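Close look at the chain arrangement
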Amino acid sequence: MTASDTADDRVLFDVDHERRIATITLNNPKHRNTYDPAMRDAIARALDVVAEDDDLTVVLLRGEGGTFSTGADMNNAYGWYGEAARGADRGERTRPSQRRRLAVDRKSFSFYHNLMGFPKVTVAEIAGYALGGGFEIALMADIAVIARDAKIGMPATRFLGPALGSLHMFFHRLGPVLARRLLLTGDIIEAAEIAHLGIFTETCDPGSVTARARYWAQKAAKMPADGVVIAKEAFRLVEQSQAYQGEEVASYLFHAYGTNLQFAAGEFNFVKTRAEHGTKEAFRLRDEHFHVPEPEPEA
């Protein structure tokens, strides 16, 4: 399988059978490697190839241009729900129905569920930004190497609410205190701030991320392939029994309901602001709205 086989040149796919490593690269650097449904489907197809190839043991996930991923492309939030979310016959844009939301979100979250239960070793090379869905993918990786100055978080909670993403995974991987902090504030933090928590396999200097990620990929690739697959299934069973009970339904269910919001006076409505001012200005106004200055230290 080559880049062209993914039907989207924004997702590159390379296989090194000699080293038993496949590499999937998000190749949308102009937009900090945001991804839309077509890109996500291309990633899923590449993962399927890796899963079915007995000669591959590891998949390395990375981003082109010094950024891992800033998550889902929010230039057209309702666009994720397809033409059914639009009043195309009337020339109007309408909210997607709950039935449409559930159908689309069920499909979206199946991608993340498959990644969490992927039968081969997943290694993430994280630099620049890992936000939103990019942050989720980074947390789902078996082995993750992250730059000290990488920016991580779920800023989309500031306009879609905290009921986003794989909540069970956030609480399990981050712990309840940090998970609540990031989801309830939308804060973006540097990886160095939480290096002591051991959330990522290795936190290193930015210039070393690529080499260190490949080092870990090569180490994992030397393991017995059958042993890895059996271990990954055992890992998944343990996580499902200890932490992820009901997650398969709860994640997309809460996402679908939680993103269908009513905004009170004074609350920031990103979709409406973007329609009035454009995406770039909407992001600026979002950050301005949510900025709270740190209190001055007492004398």
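Please read all numbers here as calculations on a predicted model, not as lab measurements.

The rules behind the values
Residues numbered from 1 in each chain as written. Predicted model: local features only at pLDDT ≥ 70, side-chain atom pairs only at ≥ 80, totals over all residues. Heavy atoms only, no water. Helix = DSSP H or I, 4+ residues; strand = E, 2+ residues; numbered from the N terminus. Rg over C-alpha atoms; globule rule 2.2 N^0.38 Å. Contact = heavy atoms within 4.5 Å. Areas by Shrake-Rupley, 256 points an atom, 1.4 Å probe, with all protein chains shown as cover. Pairing = 2+ DSSP bridges. Axes fitted to C-alpha atoms, helices over the stretch in contact; angles between N-to-C directions. Buried < 20%, exposed > 50% of the residue type's maximum accessible area, 1.4 Å probe, protein only. Right-handed = clockwise from strand over helix to strand, strands pointing away. Domains from an automatic or database assignment. Salt bridge = Lys/Arg side-chain N within 4 Å of Asp/Glu carboxyl O. 1 Å grid on protein atoms, 1.4 Å probe; cavity = no way out; pocket = protein on both sides within 12 Å on 5 of 7 lines; lining within 4 Å. Points joined across faces, edges and corners; volume = space filled by probe spheres on them. Nonpolar A, V, L, I, M, F, W, Y, C, P; charged D, E, K, R; others polar.

Quick word on the overall build of the protein
A count of helical and extended segments in the protein gives 11 helices and 11 strands. For a compact globule of 299 residues, the expected C-alpha radius of gyration is about 19 Å, and the protein comes in at 20 Å, within 12% of that figure. Taking the principal axes of the C-alpha coordinates as reference, the protein spans close to 65 × 60 × 40 Å. The contacts of the protein with a sequence gap of at least 6 include a subset with a gap of at least 24, amounting to 70%. If you sum the accessible surface of the protein, you get close to 15,200 Å²; carbon and sulfur atoms cover 52% of it.

Some points on the sheet that holds strand β3 (residues 58-63)
The strand order across the open sheet formed by 6 strands is β1-β2-β3-β6-β8-β11, and the pairing between neighbours is mixed. Sheet topology places β1 (11-16) and β11 (202-204) at the edges, where each strand pairs with a single neighbour. Strand after strand, the sheet turns through a mean of 15 degrees between neighbouring axes, direction not considered. In terms of strand pairing, β1 meets strand β2 (residues 21-26) through 6 bridges, oriented antiparallel. Bridged to D16 within β2 is I21.

Description of the pairing of β3
Burial of β3 is extensive: 6 of the 6 residues sit out of reach of the surface. Pairing analysis gives 6 bridges linking β2 to β3, with the strands arranged parallel. Its bridge partner being in β3, L26 is matched across the sheet by G63. Read from β2 through helix α1 (residues 37-52) to β3, the crossover connection turns out right-handed. For β3 and strand β6 (residues 121-126), the ladder comprises 4 bridges, and the chain directions are parallel. The residue bridging L61 from the neighbouring strand is A124, located in β6.

Looking at the domain arrangement of the protein
Domain parsing of the protein yields domain 1 (11-82 + 95-261) and domain 2 (265-292). The C-alpha-based centres of domain 1 and domain 2 are spaced at 26 Å. The interface of domain 1 with domain 2 comprises 7 residues on the first partner and 9 residues on the second. Linking domain 1 with domain 2 are 0 salt bridges.

A short note on the layout of surface pockets
Taken as a whole, the second largest pocket spans an internal volume of roughly 520 Å³. Around the second largest pocket, the lining comprises 26 residues; the ones closest to its centre are A141, D142, I143, K232 and F235. Within the residue set of the lining of the second largest pocket, elements represented by two or more residues are α3 (133-140), β8 (143-147) and α8 (225-242). Of the residues in the lining of the second largest pocket, the class split is 17 nonpolar, 4 polar and 5 charged.

Notes on the pattern of salt bridges
Two side chains with opposite charge may pair up if their charged atoms get near one another. Applying the stated criterion across every chain, the model contains 16 salt bridges. A salt bridge links E190 to K151; the shortest N-O distance between them is 3.5 Å. Pair noted here: E190 is in strand β10 (residues 188-190) and K151 is in strand β9 (residues 151-153), with a separation of 39 residues, a long-range link. If you follow the salt bridges from partner to partner, you end up with R62, E64, E125 and R214 in one network.

Details of empty space enclosed by the protein
For the coordinates displayed, the defined rule picks out 1 cavity of 30 Å³ or more. Within this model, the largest cavity holds a volume of roughly 80 Å³. Every element with two or more residues in the lining of the largest cavity is listed here: β2, α1, β3 and α2 (98-116). For the lining of the largest cavity, the residue count by class is 9 nonpolar, no polar and 1 charged.

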